Amino acid sequence: GESVGLHLPTLSVQEGDNSIINCAYSNSASDYFIWYKQESGKGPQFIIDIRSNMDKRQGQRVTVLLNKTVKHLSLQIAATQPGDSAVYFCAEAQGAQKLVFGQGTRLTINP
Amino acid sequence: GAGVSQSPSNKVTEKGKDVELRCDPISGHTALYWYRQRLGQGLEFLIYFQGNSAPDKSGLPSDRFSAERTGESVSTLTIQRTQQEDSAVYLCASSPHAIPSGNTIYFGEGSWLTVV
């Protein structure tokens, strides 16, 4: 299938620490990447995106890094807060193509 | 409402029955996606509609699954002869753009389907 139907990996961090969530994407021709946050019982919400002509992009408390050589994407969340607890997904697209979601990661922020 | 609306929000059906799930995209959005999300797992692409172009059906898992969309309006996802493995949340998303732009793709809250 186009997305990995595996049980989600988990990551636990202490409140206030930084977290890094990783994602391996599948299509070397993908030129657009997005990180989504999904809270329980809700649909995914946009966090940050990056195009393939960049290798880093920063938002508020979040940074996305793109390594096209190894087809790897990461999301860094600084100074984590309890509200950051959620499942995080990366997604990729090529041109005007469908979004394909990668493996999600469940992030838990411990008080 | 202003967001993507899906119905029903929850559906319990008996194995072998047909179900129809509905998605009302945001008005004016030309792109519409359906995804399936099994419990504790990622989003599996099912089908993508873009304007009047032929839909991308490459993610439909079997011929029991079909989806329709008339123009840029409502879409329905139909699952025939449901099986227990069809139990999942079915998420719909819409976008005003053909070329995906993450901050303009809006997801509904999903239709939870349980096949018993």
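For the structure itself, consult the block above.
Residues numbered from 1 in each chain as written. Chains lettered and ligands numbered in written order. Predicted model: local features only at pLDDT ≥ 70, side-chain atom pairs only at ≥ 80, totals over all residues. Heavy atoms only, no water.

(A) Quick look at unusual backbone geometry. Here the amide bond leading from Ser7 of chain B into Pro8 of chain B is cis, since omega sits at -5°, within 30 degrees of zero. With respect to the helices and strands, the residue Pro8 of chain B is situated in the loop between strand E1 (5–7) and strand E2 (10–13). The backbone phi angle of Lys71 of chain A is positive, close to 55°, even though this residue is not glycine. Tracing the backbone shows Lys71 of chain A in the loop between strand E6 (62–67) and strand E7 (72–77). Within the chain, Arg81 of chain B stands out as a residue other than glycine whose phi angle is a positive 45°. (Helix = DSSP H or I, 4+ residues; strand = E, 2+ residues; numbered from the N terminus.)

(B) Summary view of the packing of aromatic side chains. In this structure the tally under the stated criterion is 10 aromatic pairs over all chains. The interplanar angle of 80° and the centroid separation of 6.3 Å between the aromatic rings of Phe89 of chain A and Phe101 of chain A together place this pair among those described as edge-to-face. Of this pair, Phe89 of chain A sits in strand E8 (residues 86–93) while Phe101 of chain A sits in strand E9 (residues 100–101), and the two are 12 residues apart along the sequence. Each member of the pair, Phe89 of chain A as well as Phe101 of chain A, is classed as buried. Here the aromatic cluster, defined as three or more aromatic residues joined through ring pairs, consists of Tyr36, Phe89 and Phe101 of chain A together with Tyr33, Tyr35, Phe45, Tyr48 and Phe107 of chain B. (Phe/Tyr/Trp six-rings, centres within 6.5 Å; stacked < 30°, edge-to-face > 60°. Buried < 20%, exposed > 50% of the residue type's maximum accessible area, 1.4 Å probe, protein only.)

(C) Geometry of the pairing of strand E10 (residues 105–110) of chain A. All names here are of chain A. Of the two faces of E10, the one holding Thr105, Leu107 and Ile109 is buried and the one holding Arg106, Thr108 and Asn110 is not buried anywhere. Note: strand E1 (residues 10–14) against E10, five bridges, orientation parallel. Bridge pairing in E10 links Ser12 to Thr108. As judged from the three bridges shared by E8 and E10, these two strands associate in the antiparallel manner. Bridged to Tyr88 within E10 is Thr105. (Pairing = 2+ DSSP bridges.)

(D) Highlighting the side chain of Thr78 of chain B. Residues and elements named next belong to chain B. Structurally, Thr78 can be placed in strand E7 (residues 75–79). The class of Thr78 is buried, set by a relative accessible area of 18%. If we skip the residues at most four places from it in the chain, Thr78 touches Val19, Glu20, Arg64, Phe65 and Ser66. (Contact = heavy atoms within 4.5 Å.)

(E) Summary view of the state of the cysteines. Under the counting rule described, the total for this entry stands at two disulfides over all chains. Bridging Cys23 of chain A to Cys90 of chain A, the disulfide has an S-S length of 1.6 Å. Of the two residues, Cys23 of chain A is situated in strand E2 (residues 19–24) and Cys90 of chain A in strand E8; the sequence distance between them amounts to 67 residues. Judged on exposure class, the residue Cys23 of chain A and its partner Cys90 of chain A are both buried. Between the sulfur of Cys23 of chain B and that of Cys92 of chain B lies a disulfide, 1.9 Å long from S to S. One quick way to see it: the torsion about the S-S bond of Cys23 of chain B and Cys92 of chain B is about -70°, and its sign makes the bridge left-handed. Of this pair, Cys23 of chain B sits in strand E3 (residues 19–24) while Cys92 of chain B sits in strand E8 (residues 88–95); the two residues are 69 residues apart in sequence, bridging distant segments of the chain. We note that Cys23 of chain B, like Cys92 of chain B, is buried. (Disulfide = S-S within 2.5 Å.)

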